[in-house]
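These are the residues of each chain, in order.
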Amino acid sequence: MEDLIFEKAEIALLTINRPKALNALNPPLLNNLAGLLLSIRHDHAVRVLIVTGAGDRAFVAGADIAAMSEMTSVEGLEFSNLCHRVMAAFEDLPIPVIAAVNGFALGGGLELAMACDLVIASDKARFGQPEINLALIPGAGGTQRLPHRIGQVRARELIMTGDMIDAKTALEWGLINKLVGAEQLLPEARNLAAKLAAKSGVALRQAKAALRASFTMEEDAGLRFEQSAFGLAFASADRIEGTKAFVEKRDPKWQHR
Ligand code: HXC
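Quick summary incoming for the structure in this document. (Residues numbered from 1 in each chain as written. Predicted model: local features only at pLDDT ≥ 70, side-chain atom pairs only at ≥ 80, totals over all residues. Heavy atoms only, no water.)

What follows covers the overall build of the chain. Within the chain, the regular secondary structure consists of eleven helices and ten strands. At 19 Å, the chain has a C-alpha radius of gyration in line with the 18 Å of a compact globule built from 257 residues. For the chain, the proportion of its 257 residues judged to be buried stands at 45%. Across the chain, the fraction of contacts at a sequence separation of at least 24, relative to all contacts at a separation of at least 6, is 69%. By element, 57% of the accessible surface of the chain is carried by carbon and sulfur atoms, the whole surface being about 13300 Å². Each charge class in the chain can be summarised by its mean position, and for the 28 positive and 30 negative side chains these summaries are 7 Å apart. (Helix = DSSP H or I, 4+ residues; strand = E, 2+ residues; numbered from the N terminus. Rg over C-alpha atoms; globule rule 2.2 N^0.38 Å. Buried < 20%, exposed > 50% of the residue type's maximum accessible area, 1.4 Å probe, protein only. Contact = heavy atoms within 4.5 Å. Areas by Shrake-Rupley, 256 points an atom, 1.4 Å probe, with all protein chains shown as cover. Lys, Arg positive; Asp, Glu negative; His and termini not counted. Charge placed at Lys NZ, Arg CZ, Asp CG, Glu CD.)

Have a look at this one:
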């Protein structure tokens, strides 16, 4: 899997590694990603995942346009389906996922960043959904996730014009959580990951599931889902420890169960 570099650890680092093509996503890479995400999902040693792009130019500059230029209509549909499965696999990981955006995050690259929980970007990052310039539309979740993240007005502007925005604008628009200098990107992502790794994994999992419900469910069902998720967190050994530690004025020791 040369197109992916996976450094397995409690805070794991996944690097999309096709720098010559600005880390564009082609079908073999996406299939490799799907397999890797499945193994991460079942690996309890990994507590937080950071995703970044190889090289100093791009996070991911989108789906591979050269590969798409060779596809039939049916293959194009299947390609969108594959992209969606990979984005859903990121979203459904029970652990927090941080996108460390080191350059262009365009098309499928922005869609990948939006399938992550938190986004830290360097001042070199550029964001956009330029598919319209290829007579295409976002096909890896962008028409749905972008308006949820930044609102209809700005999402329509990005998707219909294909324009790019810089990292400062992305921060102002609420598309990213934090903007840092290029050399600080991975250290800051690791700091944030360490902060998350120090929380109860059970509570993080339930928080993530309930937050996702706010995107996928009607409000009434989502509010009910939250109650169930709260109940599951409440049933954990970590909840007993967390509340007890507060009362006893000491730091909690999580078991992540
Ligand atoms: C394939 C790509 C690529 C892409 C860049 N490259 N983006 N290859 N797919 N998405 C390749 C170029 O062909 C070039 O290869 C090398 O990377 C460097 O790119 P340049 O264009 O020479 O760099 P620069 O002039 O600096 O421009 C950077 C750029 C531009 C603005 C990011 O590359 C660009 O506009 N890329 C396309 C972005 C895009 O449209 N993304 C959305 C794709 S559609 P060579 O071999 O010439 O050196 C999409 C749909 C998702 O994402 C859903 C699918 C279901």
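Moving on, we come to the nonpolar core. Leu 49, Phe 90, Val 101 and Phe 127 are the most contacted members of the largest nonpolar core, which has 52 residues in total. In this structure Phe 90 touches Leu 14, Leu 33, Leu 37, Leu 49, Val 51, Val 97, Leu 112, Ala 115 and Lys 208, once residues within four positions along its chain are discounted. If you look at the next biggest cluster of nonpolar residues, it comprises 14 residues, including Val 48, Leu 118, Ile 120 and Leu 196. (Core = buried A, V, L, I, M, F, W, Y, C linked by side-chain atoms within 4.5 Å.)

Among the 25 residues in the neighbourhood of the ligand, the closest are listed as Arg 57, Ala 61, Ala 63, Ile 65 and Gly 108. Interatomic distance of 2.7 Å between a backbone N/O atom of Ala 63 and an oxygen atom of the ligand. In this structure, Gly 108 approaches the ligand through a main-chain N or O atom, which is 2.9 Å from an oxygen atom. Burial of the ligand by the protein amounts to 63% of the accessible area it has alone, namely 1000 Å². At the level of secondary structure, the elements contributing two or more residues to the shell around the ligand comprise helix 2 (65-69), helix 3 (73-92), strand 6 (104-106) and helix 4 (108-114). By residue class, the composition of the shell around the ligand is 15 nonpolar, five polar and five charged. (Near = heavy atom within 4 Å. Polar contact = N/O pair within 3.5 Å; in protein donor to acceptor, adjacent residues only side chain to side chain. Nonpolar A, V, L, I, M, F, W, Y, C, P; charged D, E, K, R; others polar.)

A word on the sheet that holds strand 9 (residues 164-166). If you walk across this open sheet you meet the four strands as 4-6-8-9, and the pairing is mixed. The sheet is open, and its two edges are formed by strand 4 (58-60) and strand 9, each paired on a single side. Recorded for the sheet is a direction-independent mean angle of 20° between the axes of neighbouring strands. Bridge count between strand 6 and strand 8 (residues 126-128): three bridges; the pairing is parallel. By the bridge assignment, Ala 105 is partnered in strand 8 with Phe 127. (Pairing = 2+ DSSP bridges. Axes fitted to C-alpha atoms, helices over the stretch in contact; angles between N-to-C directions.)

What the rule picks out here adds up to twelve salt bridges. Here Arg 145 ties to Glu 91 by a salt bridge, and the two come within 2.8 Å at their closest N and O atoms. One end of the pair, Arg 145, is in helix 5 (residues 142-150); the other, Glu 91, is in helix 3, with 54 residues separating them in the sequence. Among the salt bridges present, the one from Arg 212 reaches Asp 92, with a minimum N-O distance of 2.9 Å. One end of the pair, Arg 212, is in helix 9 (residues 201-216); the other, Asp 92, is in helix 3, and 120 residues separate them in sequence. Judged by relative accessible area, which is 24%, Arg 212 ranks as partly exposed. Through salt bridges that share partners, Glu 91, Asp 92, Arg 145 and Arg 212 make up one connected network. (Salt bridge = Lys/Arg side-chain N within 4 Å of Asp/Glu carboxyl O.)

What follows concerns the sheet that holds strand 1 (residues 4-7). An order of 1-2-3-5-7-10 is seen for the six strands of this open sheet, with the pairing classed as mixed. Strands at the two margins of the open sheet, each flanked by one partner only, are strand 1 and strand 10 (178-180). Neighbouring strand axes in the sheet, compared pairwise and without regard to direction, differ in orientation by 20° on average. In terms of strand pairing, strand 3 (residues 48-53) meets strand 5 (residues 97-101) through four bridges, oriented parallel. Paired with Val 51 across the strands is Ala 99, a residue of strand 5.

Positive phi, close to 50°, is recorded for Leu 22, a residue that is not glycine. Here Leu 22 lies in the loop between strand 2 (11-16) and helix 1 (27-41). Non-glycine residue Lys 249 carries a positive phi angle of around 55°. With respect to the secondary-structure elements, Lys 249 resides in the segment after helix 11 (237-247).

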